[in-house]
Amino acid sequence: MSILTVLEFPDPRLRTKAKTVAVFDDTLRQLVADMYETMYAERGVGLAATQVDQHLRLFVMDVSDGNDQPKVLVNPRIIEKRGAQVEQEGCLSFPGVFANVERASWVKAQAQDADGKTFEIEAEGLMAVCIQHELDHLDGKVFVDHLSPLKRSMLLKRMEKQRRVAS
Ligand code: NI
């Protein structure tokens, strides 16, 4: 396994619309294993293939406290959603910045596992946020797209400032 490089905003490749996964082979399973390793190494709760410059419709997530409930969703789509919640979100492609985003509070998604088997998953709270956030990545969207222009520019300025301090 290997740790993959995570693209950072404003890298234009984050705007790529991912393609449906049609082949469930060892190459795909290797990508999933590498994405898990990358997500855990970077202390994220979710990672979309888009973020590691692989433009296929899949993401991994683990919202458990013990990092022991890995899940992969291949070709995911939300088939039902309800309610609204506002939670603070971060993103491995936006190091050091966080913002409140409004999302559905409950979602039901259909996806395939790494072997191509279809399953459904119902989620609320953090997992519901994660599913919606990662699905956005596969459509070339990022969480700051949900903010007002003013909030977004403030956040991006803060990120730029931190980047200057860090370099
Ligand atoms: Ni993200």
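In the block above lies the structure referred to throughout.
For clarity, every value in this text was computed on a predicted model and none was experimentally measured.

What the protein chain contains, in helices and strands, is 3 helices and 7 strands. Its helices and strands in sequence order give the protein chain the pattern α-β-β-β-β-β-β-β-α-α, from N to C terminus. Here the C-alpha radius of gyration of the protein chain, 15 Å, is about what a compact globule of 167 residues would show, namely 15 Å. With respect to the three principal axes, the spread of C-alpha positions in the protein chain is 45 × 40 × 30 Å. Going through the 167 residues of the protein chain one by one, you find that 44% of them count as buried. When contacts within the protein chain are restricted to residue pairs at least 6 apart in sequence, long-range pairs at least 24 apart make up 65% of them. Treating the 22 positive side-chain charges of the protein chain as one cloud and the 25 negative ones as another, the clouds have centres 8 Å apart.

The subject of this paragraph is unusual backbone geometry. Note the cis peptide between phenylalanine 9 and proline 10, where omega equals 5°. Position of proline 10 relative to the elements: it lies in the segment before α1 (26-41). With a phi angle near 55°, arginine 43 is a residue other than glycine that sits in the positive phi range. Relative to the helices and strands, arginine 43 is located in the loop between α1 and β1 (46-48). Phi is positive for asparagine 75, close to 50°, though the residue is something other than glycine. Relative to the assigned elements, asparagine 75 resides in strand β3 (residues 71-82).

With that out of the way, let us pick up the nonpolar core. By size, the foremost hydrophobic cluster in this structure holds 17 residues, and its most contacted members are Phe59, Met61, Ile121 and Ile131. For this core, the secondary structure elements donating two or more residues are β2 (58-61), β6 (106-112), β7 (118-124) and α2 (125-138). When residues in this core are grouped by element, the largest group, 6 residues, is from α2. Filtering out sequence-adjacent residues up to four positions away, methionine 61 remains in contact with Met39, Val45, Gly46, Gln69, Pro70, Lys71, Leu73, Ile121, Met127, Cys130 and Ile131. With 16 residues, the next largest nonpolar core counts Val6, Val32, Val52 and Leu58 among its residues.

Protein-derived ligands of the nickel ion are Cys91 (SG), His133 (NE2) and His137 (NE2), with the metal-ligand distances lying across 2.1 to 2.2 Å. Every donor residue of the nickel ion comes from the same chain, spaced as C-x41-H-x3-H. Remark: histidine 137 and histidine 133 occur in helix α2; sequence separation between them is 4 residues, near one turn of the helix. Owing to a relative accessible area of 0%, histidine 137 belongs among the buried residues under this scheme.

Attention shifts here to the pattern of salt bridges. Summed over all chains, the structure comprises 14 salt bridges. Note that arginine 163 is salt-bridged to glutamate 8, the shortest N-O span being 3.2 Å. Separated by 155 residues along the polypeptide, arginine 163 in helix α3 (residues 149-166) and glutamate 8 in the segment before α1 bring together distant segments of the chain. Here glutamate 8 falls in the partly exposed class, since its relative accessible area comes to 36%. In this structure, arginine 29 engages aspartate 115 in a salt bridge whose closest nitrogen and oxygen atoms are separated by 2.9 Å. Taken together, the residues arginine 29 in helix α1 and aspartate 115 in the loop between β6 and β7 connect sequence positions 86 residues apart. On the basis of relative accessibility, which here comes to 31%, the residue arginine 29 falls in the partly exposed class. In this structure aspartate 115 comes out as exposed when scored by relative accessible area, which is 57%.

Cut-offs applied
Residues numbered from 1 in each chain as written. Predicted model: local features only at pLDDT ≥ 70, side-chain atom pairs only at ≥ 80, totals over all residues. Heavy atoms only, no water. Helix = DSSP H or I, 4+ residues; strand = E, 2+ residues; numbered from the N terminus. Rg over C-alpha atoms; globule rule 2.2 N^0.38 Å. Buried < 20%, exposed > 50% of the residue type's maximum accessible area, 1.4 Å probe, protein only. Contact = heavy atoms within 4.5 Å. Lys, Arg positive; Asp, Glu negative; His and termini not counted. Charge placed at Lys NZ, Arg CZ, Asp CG, Glu CD. Core = buried A, V, L, I, M, F, W, Y, C linked by side-chain atoms within 4.5 Å. Donors = N, O, S within 2.8 Å, 3.2 Å for Na, K, Ca; no water. Salt bridge = Lys/Arg side-chain N within 4 Å of Asp/Glu carboxyl O.

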